[in-house]
Amino acid sequence: MDCLRCGTCCVAPDIAALDKPVGLRCPHLTEELRCAIYESRPAICRAHRPDEICRAIAAPTLEERRARYWRCSS
């Protein structure tokens, strides 16, 4: 599956390498939902591959996608 450029993977999980707690927006996620440090992003980010959860949480806004993520992962 190709990346949907939804930004949820930069909000929902914790990213310890960036001291980013679960549920908070990564400080490197731009308003255009792009990674500002893409070329030097941590290994955990490099390893992420879009999956069925990306389609399951599809919504118009990042906040709605994040809320759907929490409902799917509960």
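### Overview of the pattern of salt bridges
Here comes step 1: Within this structure, the stated rule accounts for 1 salt bridge.
Here comes step 2: For Arg66, the salt bridge identified is with Glu63, shortest N-O distance 3.1 Å. Taken together, the residues span about one helical turn, with Arg66 and Glu63 both in helix 3 (residues 62-73) at a distance of 3 residues.
Here comes step 3: Of the residues examined, Glu63 reaches a relative accessible area of 49% and is grouped as partly exposed.

### Focus: the packing of aromatic side chains
Here comes step 1: Here the structure, examined in full by the defined rule, presents 0 aromatic pairs.
Here comes step 2: The cationic tip of Arg41 hangs over the ring face of Tyr38; the distance from NZ or CZ to the ring centre is 3.7 Å.

### Details of unusual backbone geometry
Here comes step 1: Positive phi is not limited to glycine here, since Asp19 has a value of about 55°.
Here comes step 2: Within the element layout of this structure, Asp19 appears in the segment before helix 1 (43-47).
Here comes step 3: Assessed through its relative accessible area of 71%, Asp19 is described here as exposed.
Here comes step 4: The backbone of Leu33 shows a phi angle near 60°, a positive value even though the residue is not glycine.
Here comes step 5: Considering the arrangement of structural elements, one finds Leu33 in the segment before helix 1.

What counts, and where the lines are drawn
- Residues numbered from 1 in each chain as written.
- Predicted model: local features only at pLDDT ≥ 70, side-chain atom pairs only at ≥ 80, totals over all residues.
- Heavy atoms only, no water.
- Salt bridge = Lys/Arg side-chain N within 4 Å of Asp/Glu carboxyl O.
- Helix = DSSP H or I, 4+ residues; strand = E, 2+ residues; numbered from the N terminus.
- Buried < 20%, exposed > 50% of the residue type's maximum accessible area, 1.4 Å probe, protein only.
- Phe/Tyr/Trp six-rings, centres within 6.5 Å; stacked < 30°, edge-to-face > 60°.
- Lys NZ or Arg CZ within 6 Å of the ring centre and 35° of its normal.

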